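Listed below are the residues making up each chain.
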Amino acid sequence: MNALVRPSSFVMALTAALLALVACGRADRFDRPLAVGEAVALDQVVAWPLAGPPALAVHAPARDATAFFELEAPAVTVRATHAGDALLAVDEAGRATILRFDAEGAPTERQDVDLGAAFTRIELTPDDRYAVFMHGPGGGSGAVVRNANELAVLDLDRPIGADNPRRRTLKSFGSGVRALALPAAGAVADGDRPLAFALSDRYLALFDLSLPEADEVVVYFTLEGEARDVVPVSVEPVPGDATHPPGALVRAEGSDDLYLLSFPNDAPTDVVPRPTLNVLPGSPALVDALPHRTPDGLRVFSLEGRTLAVIHPETGARRGVTLGFEGAALLPYAGAEGEPSALVWGRGAEQVAYVRLDDLEASGSRAVRTLTLEGGLSDLLPIPGRAAAVGILSARLVVLDFRGESATPFDLGGVLVGAESSVYWDDPSPGAGSGVVTDGASVFAVMRAAVDGRHHLIHVDLGDDGRAGGARALPLANGGKPLLVPGAGRLVVDHGTTAGTISVVATDAGPDARADLRRSLFLTEVLGR
């Protein structure tokens, strides 16, 4: 008996000694817990930030391949470009890492940039030309000291060097930058100027991303000495025409008014253009606003709870139309004949309204068509490339066809386990960021049956005209967050495990398709790392 015990004891002692020797020489980075961060979907891959040791784990579902990219410190923030061809991350050491991928999902380039600060948010211009790094409200990077008005601007089309990225500190009048608005180049001023709006308490700072040395222009929303907090929360580009340059419409919390910025024609190109400010009458119930140039000129559409008003910006005249429900947002679209239109919807509302924008001022309620749904909306998800959206209800999905001004409901209890059964969302607050995604051809939702607790992936087909077709349910091993990887033709469900567990489904899968389960992604080649 002892002869059998001694060799095992010897091996155990030797192993412990070796592990102790390794531990003595290893860096602190290996002592961190794995701590998997939020998954980010790109065109061909899905990426996760890992804390211990710090790295980015990248999985290409079409090739079923996982790669790891070490970081100097754990990532503070990670995001994908709009095109989905590159991944940007900032770590706690203030270093930005940029990974680019080819059409097969294979990494083609890595760039590391010293930003000098652990910025907690990354914003990108719509064309992915510029990345702007900022400190979000409340910090989050663990830095002892940070300048809340400091930014770093990186031109992704130029080589990285001494002048790229450029750090700058905006003027401060008592508060830091809360958010950035980055309209498309030329959307708010003449030419192709990439203007940026930094939103702060009581004012915004306007600067040009292509002019790092030019002073910003500050626009105030309160008078000197005024105590009330007017916090800008959104910037909407105002379309220009042959006689009027474009501009911007600003909505602010703490104010009943709307703020229209107009930029001068032929402003010098070496300075930031200074806009004029026009204050438009709003309402205490103001929740959203939309600028639009009608055949009669520029008009501002103001959603004020149960009222939709159209405002003449030059005279201040307004006409209001009463809605039959509490609206929260305006979603513009082109109607059946291409006419400018907007959908009015609100969380909890059992109705939506289709509005013909060019006719509202003259026709009033005759330009509004209200549609009643089979339940209250918890969220609305626009379908890319289509005049349609997915409405999310308690136990239903409804596909809204804007041009047909119709709605197709799906009773998910019947889809899952029989007409008598009920279902509930895997996420208690479902929405565009949680349990439902769409690629324009299909709608996918992760749900769980109340009767047996089993999880399913709901797959709703959309026809060529955007109308909903058939639906089916694919069993899943567990719940999780659906992520679209459009270039790979895959949908990935991240089950949220520490070791990395996902289910993969082809987005064009037929009725007999099954979800492919992949386990322990983050343990791949763990000894080598």
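Criteria and thresholds
All residue numbers refer to positions counted from 1 along the written sequence of the respective chain. Given that this is a predicted model, residues contribute local features only at a pLDDT of at least 70 and side-chain atom pairs are listed and counted only at 80 or more, while totals for whole chains, interfaces and linings are drawn from all residues. Side-chain measures were taken over the full set of non-hydrogen atoms in the model, leaving aside hydrogen atoms and water. For this analysis, a salt bridge means a side-chain nitrogen from Lys or Arg found within 4 Å of a carboxyl oxygen belonging to Asp or Glu. When accessible area is computed with a 1.4 Å probe and restricted to protein chains, residues below 20% of their type maximum are described as buried, those above 50% as exposed, and intermediate ones as partly exposed. A cavity here means a set of points on a 1 Å grid, drawn over the protein atoms and nothing else, where a 1.4 Å probe fits but cannot get out; a pocket is an open set with protein on both sides within 12 Å along at least five of seven lines, and a residue lines either one if it has an atom within 4 Å of a point. Grid points are joined across faces, edges and corners, and a volume is the space filled by probe spheres set on the points. Put simply, DSSP marks the helices as runs of H or I at least four residues long and the strands as runs of E at least two long, and each gets a number from the N terminus on. By the convention adopted, Pro, Cys, Tyr, Trp, Phe, Met, Ile, Leu, Val and Ala count as nonpolar, Lys, Arg, Asp and Glu as charged, and the other residues, Gly among them, as polar. What counts as a ring pair is set by centres within 6.5 Å for rings of Phe, Tyr and Trp (its six-membered ring), and what kind of pair is set by the plane angle: stacked under 30 degrees, edge-to-face over 60, tilted for all other angles.

A. Highlighting the pattern of salt bridges. Within the structure shown, the criterion is met by 22 salt bridges. Salt-bridge contacts for Arg-100 lead to Glu-109; the nearest nitrogen and oxygen are separated by 3.5 Å. Residue classification places Glu-109 among the partly exposed positions, given a relative accessible area of 36%. Note that Asp-516 is salt-bridged to Arg-518, the shortest N-O span being 3.3 Å. Judged by relative accessible area, Asp-516 falls into the partly exposed class, the value being 40%. The network of salt bridges with shared partners includes Asp-64, Asp-516 and Arg-518.

B. Focus on the layout of surface pockets. Estimated volume of the second largest pocket: approximately 290 Å³. If you go around the second largest pocket, you meet 18 residues; those closest to its centre are His-244, Ser-262, Arg-293, Leu-298 and Glu-314. Going through the elements one at a time, strand E19 (258–262) and strand E22 (297–304) are the ones with two or more residues in the lining of the second largest pocket. Tallied by class, the residues present in the lining of the second largest pocket amount to 8 nonpolar, 6 polar and 4 charged.

C. Main features of the packing of aromatic side chains. For the structure on display, the rule yields 7 aromatic pairs. Ring plane angle 70° and centroid distance 5.2 Å describe the contact between Trp-48 and Phe-522, whose orientation is recorded as edge-to-face. In this pair, Trp-48 is assigned in strand E2 (residues 46–50) and Phe-522 in the segment after strand E41 (516–518), connecting sequence segments 474 residues apart. We classify Trp-48 as buried; its relative accessible area is 2%.

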